[in-house]
Amino acid sequence: MSATNDNPATIVTRFAPSPTGYLHLGGARTALFNWLYARHHGGTFLLRIEDTDRARSTQPAIDAILGGLKWLGLDWDGDAVFQFARADRHAEVAHQMVASGHAYRCYMTAEEITAQREAAQAAKQPLRIRSPWRDADPATAPAGQPFVVRLKAPRDGATTIEDRVQGSVTVQNAELDDLILLRSDGTPTYMLAVVVDDHDMGVTHVIRGDDHLNNAFRQLPIYKANGWPEPIYAHIPLIHGTDGAKLSKRHGAVGIEAYRDELGILPEAFDNYLLRLGWGHGDDEIISREQATEWFDLAGVGKSPSRFDLKKLENLNGHYIRAADDARLAALIAPIGGYADTELLTRAMPVLKARAANLNELSEGARFLFAHRPLDLDQAASDLLGGTAPQLLAALHAALDAVQQWDQEALEAAVRQVAEAQGVKLGQVAQPLRAALTGRKTSPGIFDVLALLGKEESLGRIADRMAV
Ligand code: GLU
């Protein structure tokens, strides 16, 4: 029996995305779980870009993956490893495996493979290549003919994986075939490259989506053939949409930058949400990074697929917006709204952030601060400014003009006095006042709005709508 990684001195995890598409929700969660597991154990978290598919790997996808990880605060140790650059090493291992009798050169022709495929189809059996070269005398090899290198996979017995999430999973070895390690052009296959890289990088724990569970049974024989310690596997269930179907574009299976740019999500809210997608700690919903690092373990990962729920993500986001630093929020929304005065935004933030579920709403909520007179009114505001509103506003103008100390207390006293003098409720005065000051029917509290706009601007906006 070969060594295992049951009790490694240091835990090493890795995130190994293929840069053929952007970093999506599932990938980001895999990265987070690997990061948390490594950090929890004081181990190492590595990044490997699996760019062996030259036709489909792109630089923009690599940039999006690196940028996405940075945005989420998932820092990796050392430099990212690029898989394609290691092709010579992968080939070297394949040749060693041929030399040690764990792999062989297969000269099967396209016709021979087609014949096996057709026979399998006719028998309604899955295709398992049975190469005559597996046990052939290498001396009989046709000189100068192209060949692939195949693994001499075990055919008897069974392979069992004690997966930390899926439990004990067994596959009969007869169901596996002699997979290709090196193609006829000498390039390594994905299956070989993953194992060689994980071994060379010292990876002790392979934590990844359960769409790779089948691959684990094909990868293990490569470890065994080389006498390498086998990794501990943890295959995490995939993420489904709210309707239970596999996550697709329709559900938001988009690059994570869309959550940042289009939905205005804060990274800490996204992290917290990803964490709760498939991992739990009692009923805790709001879990900081520090707390997560302390608590995270593989035992808390659920066995069934988790469901993506945008509402939950937005609720968490609202929480983290209210907890976030005002100057940071101001800097984040200034480019969204095209606002230049971040000092004013920062001052306004305590009242603005109380109401926003995402950064776009936060930015919209700040718009009134920067609007130019005369303000554009939306329909609801325009309706509020009809009837007796112009007279009320004239009375408010006079009362507010007399306010010396432009603070909440004095402003409230002045507005209340007008309401009393006019014999109406405070709300009936506040509504047209809000419409005149913000051009909208909803806004932060009216005294906050007055205070933030200042005396001159407030009186100007009121004057634009009052009866003269
Ligand atoms: N590159 C693979 C993917 O992006 C992951 C391989 C692995 O984690 O072993 O799906």
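Residues numbered from 1 in each chain as written. Predicted model: local features only at pLDDT ≥ 70, side-chain atom pairs only at ≥ 80, totals over all residues. Heavy atoms only, no water.

- If you look the protein chain up in an unreviewed UniProt entry, it shows as Glutamate--tRNA ligase from Sphingomonas taxi.
- Quoted verbatim from the Function (unreviewed entry) field of the UniProt record, the comment on the protein chain reads "Catalyzes the attachment of glutamate to tRNA(Glu) in a two-step reaction: glutamate is first activated by ATP to form Glu-AMP and then transferred to the acceptor end of tRNA(Glu)."
- What the UniProt record of the protein chain gives under Catalytic activity (unreviewed entry) is the line "tRNA(Glu) + L-glutamate + ATP = L-glutamyl-tRNA(Glu) + AMP + diphosphate". (UniProt positions renumbered as here; feature names shortened; annotations may be inferred.)

### What to know about the UniProt feature "domain: Aminoacyl-tRNA synthetase class I anticodon-binding" (unreviewed entry) in the protein chain
Okay, step 1: Those places that UniProt annotates as "domain: Aminoacyl-tRNA synthetase class I anticodon-binding" (unreviewed entry) correspond, in this numbering, to residues 329-463.
Okay, step 2: Split by type, residues 329-463 is 70% helix and 0% strand. Its first and last C-alpha atoms lie 32 Å apart. (Helix = DSSP H or I, 4+ residues; strand = E, 2+ residues; numbered from the N terminus.)

### Focus: the packing of aromatic side chains
Okay, step 1: The tally for this structure, following the rule as stated, stands at nine aromatic pairs.
Okay, step 2: An angle of 50 degrees between the planes, with centres 5.1 Å apart, marks the rings of F33 and F296 as tilted. Of the two residues, F33 is situated in helix α1 (residues 25-40) and F296 in the loop between α9 (289-295) and β12 (306-307); the sequence distance between them amounts to 263 residues.
Okay, step 3: By relative accessible area, F33 is classed as buried at 0%.
Okay, step 4: Residue classification places F296 among the buried residues on the basis of a relative accessible area of 0%.
Okay, step 5: An angle of 40 degrees between the planes, with centres 5.8 Å apart, marks the rings of W71 and F270 as tilted. Pair noted here: W71 is in helix α2 (residues 59-71) and F270 is in helix α8 (residues 267-276), with a separation of 199 residues, a long-range link.
Okay, step 6: Accessibility expressed as a relative area gives 17% for W71, which makes it buried.
Okay, step 7: Three or more aromatic residues joined by ring pairs make a cluster, and in this case those are W71, Y259, F270, Y273 and F308.
Okay, step 8: Directly above the ring of F84 sits R54, whose terminal nitrogen or CZ lies 3.9 Å from the centroid.
Okay, step 9: The ring of W71 carries the charged tip of R260 above its face, separated from the ring centre by 5.9 Å. (Phe/Tyr/Trp six-rings, centres within 6.5 Å; stacked < 30°, edge-to-face > 60°. Buried < 20%, exposed > 50% of the residue type's maximum accessible area, 1.4 Å probe, protein only. Lys NZ or Arg CZ within 6 Å of the ring centre and 35° of its normal.)

### Some words on the site of the ligand
Okay, step 1: Lining the immediate surroundings of the ligand are R14, A16, P17, S18, E50, Y190, V194, R208 and H212.
Okay, step 2: The separation between a nitrogen atom of the ligand and a polar side-chain atom of E50 is 2.5 Å.
Okay, step 3: Summarising the interface, the protein chains cover 79% of the accessible area of the ligand, which totals 300 Å² for the free molecule.
Okay, step 4: In terms of residue class, the shell around the ligand is made up of four nonpolar, two polar and three charged. (Near = heavy atom within 4 Å. Polar contact = N/O pair within 3.5 Å; in protein donor to acceptor, adjacent residues only side chain to side chain. Areas by Shrake-Rupley, 256 points an atom, 1.4 Å probe, with all protein chains shown as cover. Nonpolar A, V, L, I, M, F, W, Y, C, P; charged D, E, K, R; others polar.)

### Remarks on unusual backbone geometry
Okay, step 1: A cis amide bond links R373 to the next residue, P374, at an omega of -15 degrees.
Okay, step 2: On the secondary structure map, P374 appears in the loop between α14 (367-370) and α15 (379-384).
Okay, step 3: Even without being a glycine, K124 presents a positive backbone phi close to 55 degrees.
Okay, step 4: With respect to the element layout, K124 can be found in the loop between α4 (110-122) and β5 (148-151).
Okay, step 5: Overall, the relative accessible area of 75% leaves K124 in the exposed class.

### So, the sheet that holds strand β1 (residues 12-15)
Okay, step 1: Taken in spatial order, the three strands make up an open sheet running β1-β2-β3, and their pairing is parallel. The open sheet is flanked by β1 and β3 (81-82), the only strands paired with a single partner.
Okay, step 2: Examined bridge by bridge, β1 and strand β2 (residues 44-49) share four bridges and lie parallel to one another. In the strand pairing of β2, V12 is matched with T44. (Pairing = 2+ DSSP bridges.)

### What about the nonpolar core?
Okay, step 1: Of all hydrophobic cores here, the largest spans 94 residues; its most connected members are F270 and L400.
Okay, step 2: Residue contacts for F270: discarding those within four places in its chain leaves L25, A28, W71, L72, I256, Y259, I265 and L313.
Okay, step 3: With 32 residues, the next largest nonpolar core counts A103, V149, L181 and V196 among its residues. (Core = buried A, V, L, I, M, F, W, Y, C linked by side-chain atoms within 4.5 Å. Contact = heavy atoms within 4.5 Å.)

### Overview of the pattern of salt bridges
Okay, step 1: Using the criterion set out here, one finds 27 salt bridges in the structure.
Okay, step 2: Residue D178 is joined to R134 by a salt bridge in which the shortest nitrogen-to-oxygen separation is 2.9 Å. Of this pair, D178 sits in the loop between β7 (167-172) and β8 (180-182) while R134 sits in the loop between α4 and β5, placing them 44 residues apart in sequence.
Okay, step 3: Overall, R134 belongs to the buried group, its relative accessible area being 13%.
Okay, step 4: For K353, the salt bridge identified is with D326, shortest N-O distance 2.7 Å. Taken together, the residues K353 in the loop between α12 (342-352) and α13 (359-365) and D326 in helix α11 (residues 326-337) connect sequence positions 27 residues apart.
Okay, step 5: By relative accessible area, K353 is classed as buried at 11%. (Salt bridge = Lys/Arg side-chain N within 4 Å of Asp/Glu carboxyl O.)

### Focus on the environment of L176
Okay, step 1: You can see L176 is positioned in the loop between β7 and β8.
Okay, step 2: Not counting the four nearest positions on each side in its chain, L176 is found in contact with R128, R130, V171, F217 and R218.

### Remarks on the packing of helix α17 (residues 408-422) against helix α18 (residues 426-438)
Okay, step 1: Where α17 meets α18, the closest approach of the two axes is 8 Å, and the angle between their N-to-C directions is 115 degrees. Crossing handedness for the pair α17 and α18: right-handed. In this structure, α17 contributes V415, R416 and A419 to the contact, and α18 contributes L426, V429 and L433.
Okay, step 2: Among the residues making up the contact of α17 with α18, the classes are represented as five nonpolar, no polar and one charged. (Axes fitted to C-alpha atoms, helices over the stretch in contact; angles between N-to-C directions. Left-handed = near helix turned anticlockwise from the far one by under 90°.)

### Some thoughts on helix α19 (residues 446-453)
Okay, step 1: Counting buried residues in α19 gives six out of eight residues, a clear majority hidden from the surface.
Okay, step 2: Turning to α19, its buried residues are I446, F447, V449, L450, L452 and L453.
Okay, step 3: Elements that come into contact with the buried residues of α19 comprise α12, α14, α16 (389-401), α17, α18 and α20 (455-463).
Okay, step 4: The positive-phi residue at the C-terminal boundary of α19 is G454, with phi of around 85 degrees.

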